[in-house]
Amino acid sequence: MAKKSNTKPRTKKKKKKILSDERIKIVLGVFTIFLAAFLTLAFISYFFTWKVDQSFQYSKVISGTDINAENWSGKAGAHFANLFINKWFGIASFTFPFLFLIIGLKFFNIKIYSIRKSFKITIIGTIILSVLLGYLFGNSNGFLGSGLGGSHGYIIAQWINSFLGKVGTALLLAIAIITFIIFSSKKSFDWIVKISAGLFKKEYNEFDDQYNKSEKREKEEEEKTITTKSETTEEQEITLDDDLIFTPRKTEKADSVVEPEDEMEISLLKDNNKENDTTESEENIEITIEQHKEEKLNGKVKSLELEDFDPTLELSSYKLPPLNLLENHGQNSNGEIDKEEIIANKNRIVDTLANYKIQIDKIKATVGPTVTLYEIIPAPGVRISKIKNLEDDIALSLAALGIRIIAPIPGRGTIGIEVPNLKPEIVSMRSILESKVFRESKYDLAIGLGKTISNETFVIDLAKMPHLLVAGATGQGKSVGLNAIIASLLYKKHPSQLKFVMVDPKKVELTLYTKIEKHFLAKLPDSEEPIITDTQKVVCTLNSLCVEMDNRYDLLKLGQVRNIKEYNAKFIARRLNPEKGHKYLPYIVLVIDEFADLIMTAGKEIEGPITRLAQLARAIGIHLIIATQRPSTNIITGTIKANFPARIAFRVSSMIDSRTILDSPGANQLIGRGDMLVSTGSDLVRLQCAFIDTPELDKITDFIESQQGYPTAFELPEYTQEGNNEIGQVDFSKRDVMFEDAARMVVRNQQGSTSLIQRKFSIGYNRAGRIIDQLEAANIVGPFEGSKARQVLFADEYSLEQYLKDFLDNN
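Values in this document were obtained by computation on a predicted structure and should not be read as measured data.

## Considering empty space enclosed by the protein
Right, so step 1: According to the stated counting rule, one finds two cavities of 30 Å³ or more in the structure shown.
Right, so step 2: Put simply, the second largest cavity is a space of about 40 Å³.
Right, so step 3: Along the walls of the second largest cavity sit G368, P369, T370, V371, K451, T452, I453, D675, R686, L687 and Q688, which together make up its complete lining.
Right, so step 4: Secondary structure elements with two or more residues in the lining of the second largest cavity: β8 (446-452) and β17 (684-689).
Right, so step 5: Of the residues assigned to the lining of the second largest cavity, the class counts are four nonpolar, four polar and three charged.

Structure, rendered in structure tokens:
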């Protein structure tokens, strides 16, 4: 017995001698910190390489030389990561590198937490966290091998679940977590006691006395265990920088002794005498830690939610055309104002009015790109009509064409006289598109038309117009204006958000846009040319747009929204089910270059669907842009004008034509070459239209064509003219092999059309047409009803199957 008693103190002395050697402590410290970093790197890498590394046995990985592990820490890292994360504790294993870090820093006399306390918290916390993750996420469909909680967490959670059920297991885990928090830190226990004290004050007084006695006993016992100088009860401060102090955390009581097992904190102290600042900083650190934990939990919940639908994902690599494709046509002009011209015109206006005994109090000039506005304030008692009647006399004195008098200017209380400049300036399309107003506009369909008299960029929203009528005589800039409108939309929208239906009876104006067929154009399924030039196909296309309009209104009704903007927002947020027919709806802009020719050849066949679209299509994102050279009353009827509040008038020959377009004179006084008046319902705005040349349009369309597009152009619903809907005799012995599948698909979607069958089965239009004829002859879908969709005569697939059995047996 004596020998045994002598050997124990010797071993203790040897251990103390070994640990007292600073070299050994440094080696052990470096080793444990390296082990912590090594395991952390291996665990993180396991999230990315676990599938590859698990495809072979780990025993072969360690022993074999030909096999290389993908883990960042090599074969050993792959083995330990699989052992800790897959077979043992899941992602809760990250606590072990933290434990090794604390031990390693202890060898360098840096104490963050007590080693004994850290060891207990790490082991117990890892087990509880592993079981909690196994209960919440299961095996996560094999993610990381056995799920987020590892094999240990998953098996124990399932075992407890079989005994206590899901609710019982949840309560047991909640009790375990609360107990762990209470015993892991005395401050958390104090916090819980204080909360309960507010509810039970009387009970707390008795409990507090017992708690203080037990606390004093624990402190006395811990004071006896303190043997080294580094663990003394006196407060220590180690200065790291001038303002950075490493301090042990104080207890709440002033006369209490600092406990060696309490946590250590780093705080910035500007004044050592301000103890309140230190306590506030400690509370702030605890609050940020709790917020960080809440953010992690919220991030996990958000990761389980689906991301918003991205309509541009199919053409995610598409890029908008760059501005360097356009030329700055106005760069040669310095933009300098000819003061002599302005002063001369001002004097002539004043002299002309003075000749008729009209006195002026003030005159001001605003210089624009092509027109200068002279605002005059007449003397009191002067009639406005008197000045307005002198329009021709002022034009004679100035020797200028296109003079227009605005009496009075709305909102200013002045009379305006617009006089053309001797040297007009070209407004380039590039200057409009690169302006801040256009770039930062939040409009759904932003259009940059040109510049006002005050040289301000004029941008308008087509979605709010909602349709646009463009009229003007030949050679006055009407086609250039249409190209400027189209170019504005191409520079602002992705192909998934916008489609054009282009009608060009002249066959030469819009042919440049055939290159962007698979990006921005929409057409009928059986149409070969993307730009519609045949009058008969124009009628079919307009009626097809009416069918599309009705279909979209049905979708809006199912989605319980009022317009396309709300519908697309709801679909992007994944609140509408695509399996029920919902889809992302792009804007559709119908551009008709020469409307007069269509009216002359087709008459009411054109006017009917145009009027219907103008009345109803605004809410579902179909907008019309109609241009004509002949703005007479038999072309632009009162029905059309009533539904086109937004109108653009280039120069016309007579006041009657101006009144036909704008309901007011003024267009007959324009100077041409892009000079135009824009009416948005009440006010008239005079603009100089932006100029874009044909080579520039070629560059834009070539740039878009060079990028990846959709397989085909956007297909409109089919439309068959009246009188062509007789299907005749159908021989069901020669029915199509896809007849039954097409019947089921039509009943399932409750929509029967040739284009739907063509898309779903990837067949040609003619074959899809024969199948729809067979379905009609078999009384599965109803007859063709013009612009309305075919009626499906069966409500569900069960009744269809019963009908097909009898039908196929008899045929």
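## Focus on the sheet that holds strand β15 (residues 646-649)
Right, so step 1: With mixed pairing, nine strands are arranged side by side in an open sheet as β9-β8-β17-β16-β15-β10-β14-β13-β11. Looking along the sheet, the strands with just one partner apiece sit at the ends: β9 (457-461) and β11 (498-503). Across this sheet, the average inter-strand angle for adjacent strands is 30 degrees, counted without regard to direction.
Right, so step 2: Here six bridges tie β11 to strand β13 (residues 587-592), and the two strands are oriented parallel to one another. Across the sheet, residue V501 finds its bridge partner in β13, namely L590.
Right, so step 3: Contacts between helix α16 (residues 478-490) and the sheet are confined to β8, β10 (468-471), β11, β13, β14 (622-628) and β17, with β8 contributing the most and set at about 130 degrees to the helix.

## Re the pattern of salt bridges
Right, so step 1: Using the criterion set out here, one finds 20 salt bridges in the structure.
Right, so step 2: Among the salt bridges present, the one from K506 reaches D593, with a minimum N-O distance of 3.8 Å. In this pair, K506 is assigned in the loop between β11 and α17 (517-520) and D593 in the loop between β13 and α20 (595-602), connecting sequence segments 87 residues apart.
Right, so step 3: Its relative accessible area of 0% is what places D593 among the buried residues.
Right, so step 4: Ionic pairing is found between R790 and E776, a salt bridge with its closest N-O pair at 2.9 Å. Of the two residues, R790 is situated in the loop between α27 (765-777) and α28 (797-810) and E776 in helix α27; the sequence distance between them amounts to 14 residues.
Right, so step 5: Taking relative accessible area as the criterion, R790 reaches 12% and is therefore assigned buried.

## Some thoughts on a negative patch on the surface
Right, so step 1: On the surface, D526, E528, E529 and D534 cluster together into a negatively charged patch.
Right, so step 2: One can find E529 in the loop between β12 (522-523) and α18 (535-559).
Right, so step 3: By relative accessible area, which is 46% here, E529 ends up partly exposed.

## Thoughts on the packing of aromatic side chains
Right, so step 1: Under the criterion given, the structure shown has six aromatic pairs.
Right, so step 2: With 6.2 Å between their ring centres and 70 degrees between their planes, Y318 and F520 make a pair best called edge-to-face. Separated by 202 residues along the polypeptide, Y318 in the loop between α10 (275-304) and α11 (339-355) and F520 in helix α17 bring together distant segments of the chain. In this structure, Y318 and F520 share a single accessibility class: buried.
Right, so step 3: The aromatic ring of F438 is capped on one face by K492, whose charged end is 4.9 Å from the ring centroid.

## A few points about the packing of α18 against α20
When two helices pack together, their arrangement is given by the angle between the helix axes and by the axis-to-axis distance.
Right, so step 1: Orientation of α18 relative to α20, taken along the N-to-C sense of each, is 100 degrees, at an axis distance of 10 Å. Considered as vectors, α18 and α20 are oriented roughly perpendicular to each other. Only L598, T601 and A602 of α20 make contact with α18, whose side of the interface consists of T535, V538 and V539.
Right, so step 2: Partitioning the contact of α18 with α20 into residue classes produces four nonpolar, two polar and no charged.

## A closer look at the sheet that holds strand β5 (residues 371-378)
Right, so step 1: Read across the sheet, four strands follow the order β4-β5-β7-β6 without closing on themselves; strand pairing throughout is antiparallel. Lying at the two open borders of the sheet, with one neighbouring strand each, are β4 (360-367) and β6 (404-409). Averaged over all adjacent pairs, the angle separating strand axes in this sheet is 20 degrees, with direction ignored.
Right, so step 2: Relative to strand β7 (residues 414-420), β6 runs antiparallel, the two being bridged by four bridges. The residue bridging I406 from the neighbouring strand is G416, located in β7.
Right, so step 3: Across the sheet, α11 touches β4, β5 and β7, and the angle it forms with β4 is around 145 degrees.

What counts, and at which threshold
Residues numbered from 1 in each chain as written. Predicted model: local features only at pLDDT ≥ 70, side-chain atom pairs only at ≥ 80, totals over all residues. Heavy atoms only, no water. 1 Å grid on protein atoms, 1.4 Å probe; cavity = no way out; pocket = protein on both sides within 12 Å on 5 of 7 lines; lining within 4 Å. Points joined across faces, edges and corners; volume = space filled by probe spheres on them. Helix = DSSP H or I, 4+ residues; strand = E, 2+ residues; numbered from the N terminus. Nonpolar A, V, L, I, M, F, W, Y, C, P; charged D, E, K, R; others polar. Pairing = 2+ DSSP bridges. Axes fitted to C-alpha atoms, helices over the stretch in contact; angles between N-to-C directions. Contact = heavy atoms within 4.5 Å. Salt bridge = Lys/Arg side-chain N within 4 Å of Asp/Glu carboxyl O. Buried < 20%, exposed > 50% of the residue type's maximum accessible area, 1.4 Å probe, protein only. Patch = residues over 30% accessible without salt bridge, like charges linked within 9 Å, V, L, I, M, F, W, Y side chains within 5 Å. Areas by Shrake-Rupley, 256 points an atom, 1.4 Å probe, with all protein chains shown as cover. Lys, Arg positive; Asp, Glu negative; His and termini not counted. Charge placed at Lys NZ, Arg CZ, Asp CG, Glu CD. Phe/Tyr/Trp six-rings, centres within 6.5 Å; stacked < 30°, edge-to-face > 60°. Lys NZ or Arg CZ within 6 Å of the ring centre and 35° of its normal. Parallel < 35°, antiparallel > 145°, perpendicular 65-115°, else oblique.

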